[in-house]
Amino acid sequence: MKKLVEFLKPFQVPIYLVLILILLQSLAELYLPTLMADIVDKGVVTGDTQYIWKIGGFMLLVAAGGVICSVTASFFSAKAASGFGKLLRSKIFSHVGDFSLHEFDQFGTASLITRTTNDITQVQQVLIMMLRMMVMAPMMCIGGIIMALSKDTKLTLVLAVSIPVLIIIILIVQKKAIPLFKAMQVKLDKLNRVLRENLIGIRVIRSFNRIDHEKKRFDEANWDLTQTAIKVNKIMAAMMPTMMIILNLTTVAIIWFGSIRISNGHMEVGDMMAFIQYAMQIMFSFLMLAMMFVMIPRAAVSAGRIVEVLDTIADIKNSEKPIEPATIRGEVEFQNVSFSYPGAEMQAISDISFKMIPGDVTAIIGGTGSGKSTLINLIPRFYDVDHGKVLVDGIDVREMTQESLRQKIGFVPQQAVLFTGTIGENILYGKENATEEEIRYAAEIAQAADFIAEMPKGYNTEIAQGGTNVSGGQKQRLSIARALVRKPEIYVFDDSFSALDFKTDAKLRAALKEETGNATVLIVAQRVSTIMDADQIIVLDNGKIAGKGTHKQLMETCNVYREIVMSQLSEEEIA
Ligand code: ADP
Ligand code: MG
């Protein structure tokens, strides 16, 4: 919570302004009933019209002052709160940007989105309310009591009865409503999750005819949330008339006892009218406090969820004294590397050692789940190793800055991801200042130029959200082009040719070979034909190296490799 208060610091000025303005507004509102009492007692009763005009005019001024204060306060509190929300959102965004994949796994994408949007909005709204009520409620309560006492001490006894009744009702409502409010937040999360899964998985749902099932699932979550919301609203709705009854009964009691005191000559009519207004102000201040006590626990849940994100420190950090390699060549070496995912019993990869040198193509082959992607993710340091070392140009990747390490790598992930924007912009992603020529060249090597030319607007064709208007193979080629335009020292292709037909695959590899001549190239593939002519093939089996060498050597020495080859190629192809 302290952390969030810190984010309020830049908005100190508007916040103090709001507090001062509200203070002035409260003073004006406390003063008005007294002025009215004066008009009634000294003007109306004696028939002094001039006095009525004079004090009446003054009353108008005070009221106008109060309104101006109130409006300006609203303006500044909205400004402070939305500025606070903006700051917090950008802080979370950049903080999450530093997360390593561990932290993403930990929170889940959906939850991170809700926390950045919905939860911050909650806190923002409560902040606006707090700024208003924090000063207003105690001022009106204490000020009202003082003013009421100054009008008539004996009549205050009425309040001594009605205020405790009010407090008891508020406490009961709170006890019932707060747990429901908290439950609503959780149920909203669940509804979001169901909706998100539905939208993302719409193709699967349709093709398996599970629409009814999903509808039911959504309806359940929706119904659940609705029921809770209705319950909360019922309580809140019941609260209002109950409060009004108490307020009105209080008024009746004040008039009842007040008129007795007036007829006995202990009190004047104007004072009684003022007294009624002060009683209202006092009781409304309790209502405000009650609202605050309902809203704050609700916002506290959201605030907690925000702080949780901010407090999570990425476990991959730049080293304090980063080392830069003397020469950048692009040599990569694994030394006895082991790694396991958090919570997993088995190591995803264990005791991996091999070396890749510039100019050579290294290939990794192995069944699904054998740890290929895991191994590759260690090179750009998406995860840190448990044991052993990953060296790039002779330096442990943990000792370089992540920026300079990743600068050297052109990474094509297993899942090709494109961003909204044009095709050209997506390729430009690899190198910000690439010229048009460079973009075209990269696309050509990646065998993407042909299909881009056939697109309605060529390189200016917009990619739809999630890249739905390009095929899987086109997506793969675009993400290869994105890596190529960078001209890095190290290329990493994680199963990046899987969606290409054999012909395109072969053409692409031939073009790549020329382009990546002096670079270090690592290719993960399922197809033997893709990797057969690599300088070094590493066979992964259950996270361990089952064999290492050229195709020829492995055919003679490695059973696992031979099995893979047998299952894919015909006799003559092998020979
Ligand atoms: P491959 O790329 O060879 O198909 P992976 O490297 O993706 O295999 O996965 C290797 C093993 O690690 C699998 O058993 C998989 O279940 C596990 N794994 C992969 N990613 C994660 C993750 N983010 N969290 C936990 N376990 C994972
Ligand atoms: Mg994989």
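Labelled according to an unreviewed UniProt entry, the protein chain appears under the name Multidrug ABC transporter ATP-binding protein, originating from Neobacillus kokaensis. Database annotation for the protein chain, UniProt heading Subcellular location (unreviewed entry): "Cell membrane".

Draft legend 1. Here's a closer look at the overall build of the protein chain. A tally of regular secondary structure across the protein chain gives 20 helices and twelve strands. When the backbone C-alpha atoms are referred to their principal axes, the protein chain occupies close to 120 × 50 × 45 Å. Residues classed as buried in the protein chain amount to 49% of the 575 residues present. Pairs at least 24 apart in sequence give 77% of the contacts found in the protein chain among residues at least 6 apart. In the protein chain, which carries 58 positive and 59 negative side-chain charges, the distance between the mean positions of the two groups comes to 8 Å.

Draft legend 2. Here's a closer look at the packing of aromatic side chains. Inspection of the entire model under this criterion finds twelve aromatic pairs. With centroids separated by 5.0 Å and ring planes inclined at 80°, the aromatic side chains of Phe339 and Tyr341 adopt a geometry described as edge-to-face. Looking at Tyr341, the relative accessible area reads 28%, which means it is partly exposed. Their ring planes at 40° and their centres at 5.6 Å tell us that Phe493 and Phe497 sit as a pair that is tilted. With respect to burial, Phe493 and Phe497 carry one shared label: buried. By the ring-pair criterion, three or more aromatic residues cluster together here, those being Phe99, Phe104 and Phe107.

Draft legend 3. Representation of the domain arrangement of the protein chain in the model. Partitioning the protein chain into domains gives domain 1 (2–311), domain 2 (329–408 + 492–500 + 521–575) and domain 3 (415–487). Each of domain 1 and domain 3 has a C-alpha centre, and these two points are 52 Å apart.

Draft legend 4. Unusual backbone geometry, seen in detail. Positive phi, normally seen in glycine, also occurs at Asn209, with a value near 50°. In this fold, Asn209 is placed in the loop between helix 7 (202–207) and helix 8 (211–263). For Lys487, which is not glycine, the phi dihedral falls at a positive 50°. On the secondary structure map, Lys487 appears in the loop between helix 15 (472–484) and strand 9 (490–494). For Lys487, a relative accessible area of 46% corresponds to the partly exposed category.

Draft legend 5. Summary view of the coordination of the magnesium ion (ligand 2). Around the magnesium ion (ligand 2), the protein supplies Ser373 (OG) and Gln414 (OE1) as donor atoms, at distances of 2.0 to 2.3 Å. With a gap of 41 residues between them, Ser373 in helix 10 (residues 372–377) and Gln414 in the loop between strand 6 (409–412) and strand 7 (421–422) connect regions that are remote in the sequence.

Draft legend 6. Representation of the site of ligand 1 in the model. Around ligand 1, the structure places Asp105, Tyr341, Ala348, Gly367, Thr368, Gly369, Ser370, Gly371, Lys372, Ser373, Thr374 and Tyr383. A distance of 3.1 Å is found between an oxygen atom of ligand 1 and a backbone nitrogen or oxygen belonging to Gly371. In the model, an oxygen atom of ligand 1 is placed 2.4 Å from a nitrogen or oxygen of the Thr374 side chain. No other element matches helix 10, which puts three residues into the shell around ligand 1.

Draft legend 7. Representation of the packing of helix 2 (residues 12–44) against helix 9 (residues 269–311) in the model. Contact geometry for helix 2 and helix 9: axes closest at 7 Å, N-to-C directions at 165°. For the element pair helix 2 / helix 9, the angle class is roughly antiparallel. Between helix 2 and helix 9 lies a crossing whose hand is right-handed. Residues Glu29, Leu30, Tyr31, Pro33, Thr34, Met36, Ala37, Val40 and Asp41 of helix 2 form the contact with helix 9, whose own contacting residues are Val269, Gly270, Asp271, Met273, Ala274, Gln277, Tyr278 and Gln281. Here the contact of helix 2 with helix 9 is built from residues that sort into ten nonpolar, four polar and three charged.

Draft legend 8. Here's a closer look at the pattern of salt bridges. All told, the structure shown has 17 salt bridges when counted by the stated rule. The shortest N-O distance in the salt bridge between Asp396 and Arg398 comes to 3.0 Å. Judged by relative accessible area, which is 8%, Asp396 ranks as buried. A residue is classified by how much of its surface remains accessible, and Arg398, at 27% relative accessible area, is partly exposed. If you follow the salt bridges from partner to partner, you end up with Glu197, Glu214 and Arg217 in one network.

Draft legend 9. Up close: the UniProt feature "transmembrane region" (unreviewed entry) in the protein chain. In the UniProt entry, the feature "transmembrane region" (unreviewed entry) is given for residues 52–76, 126–149, 155–173, 235–258 and 278–296. For residues 52–76, helix accounts for 100% and strand for 0%, while the C-alpha atoms at its two ends are 36 Å apart.

Draft legend 10. Local environment of the UniProt feature "domain: ABC transporter" (unreviewed entry) in the protein chain. Under the local residue numbering, the UniProt record ascribes the feature "domain: ABC transporter" (unreviewed entry) to residues 332–567. A helix fraction of 34% and a strand fraction of 25% characterise residues 332–567, whose end C-alpha atoms lie 31 Å from each other.

Draft legend 11. Just the sheet that holds strand 1 (residues 332–339), in detail. Overall, antiparallel pairing links the four strands, which are arranged 2-1-4-5 in an open sheet. Among the strands making up the open sheet, the edge pair consists of strand 2 (349–356) and strand 5 (395–396). Note that strand 1 and strand 4 (residues 387–392) share five bridges and pair antiparallel. Considered in strand 4, the bridge of Phe334 is made with Val390.

Draft legend 12. Representation of the pairing of strand 4 in the model. Note that strand 4 and strand 5 share two bridges and pair antiparallel. Note on strand 5: the bridge partner recorded for Leu391 is Asp396. Hairpin connection between strand 4 and strand 5: a loop of two residues separates the two successive antiparallel strands, and Asp393 in this loop has a positive phi of roughly 50°.

Draft legend 13. The arrangement of the side chain of Ser70 in detail. Counting through the fold element by element, Ser70 comes out in helix 3 (residues 49–97). When its relative accessible area of 17% is taken as the criterion, Ser70 is described as buried. Apart from the residues within four sequence positions on either side, Ser70 is in contact with Gln25 and Arg132.

Draft legend 14. Inspection of the environment of Asp41 at higher detail. Following the sequence through the fold, Asp41 ends up in helix 2. Using a relative accessible area of 10% as the deciding quantity, one classes Asp41 as buried. Asp41 sits 227 residues away from Glu268 along the chain, and the two C-alpha atoms are 6.7 Å apart.

Draft legend 15. Seen up close, the pairing of strand 1. Looking at chain direction, strand 1 and strand 2 are connected through five bridges and run antiparallel. Across the sheet, the residue bridging to Val337 is Ile352, located in strand 2.

Draft legend 16. A look at the sheet that holds strand 12 (residues 544–549). Taken in spatial order, the six strands of this open sheet run 6-9-10-3-11-12, and their pairing is mixed. Each of the sheet's edge strands pairs with one partner strand only, and the pair in question is strand 6 and strand 12. Across this sheet, the average inter-strand angle for adjacent strands is 15°, counted without regard to direction. Note that strand 9 and strand 10 (residues 520–524) share five bridges and pair parallel. Looking at strand 10, one finds that Phe493 is bridged to Ile523. This element, helix 15, spans strand 6 and strand 9 of the sheet and lies at about 175° to strand 6. Those strands touched by helix 19 (residues 559–568) are strand 3 (361–366), strand 11 (536–541) and strand 12, and its axis lies near 95° from that of strand 11.

Thresholds, definitions, all that
Residues numbered from 1 in each chain as written. Chains lettered and ligands numbered in written order. Predicted model: local features only at pLDDT ≥ 70, side-chain atom pairs only at ≥ 80, totals over all residues. Heavy atoms only, no water. UniProt positions renumbered as here; feature names shortened; annotations may be inferred. Helix = DSSP H or I, 4+ residues; strand = E, 2+ residues; numbered from the N terminus. Buried < 20%, exposed > 50% of the residue type's maximum accessible area, 1.4 Å probe, protein only. Contact = heavy atoms within 4.5 Å. Lys, Arg positive; Asp, Glu negative; His and termini not counted. Charge placed at Lys NZ, Arg CZ, Asp CG, Glu CD. Phe/Tyr/Trp six-rings, centres within 6.5 Å; stacked < 30°, edge-to-face > 60°. Domains from an automatic or database assignment. Donors = N, O, S within 2.8 Å, 3.2 Å for Na, K, Ca; no water. Near = heavy atom within 4 Å. Polar contact = N/O pair within 3.5 Å; in protein donor to acceptor, adjacent residues only side chain to side chain. Axes fitted to C-alpha atoms, helices over the stretch in contact; angles between N-to-C directions. Parallel < 35°, antiparallel > 145°, perpendicular 65-115°, else oblique. Left-handed = near helix turned anticlockwise from the far one by under 90°. Nonpolar A, V, L, I, M, F, W, Y, C, P; charged D, E, K, R; others polar. Salt bridge = Lys/Arg side-chain N within 4 Å of Asp/Glu carboxyl O. Pairing = 2+ DSSP bridges.

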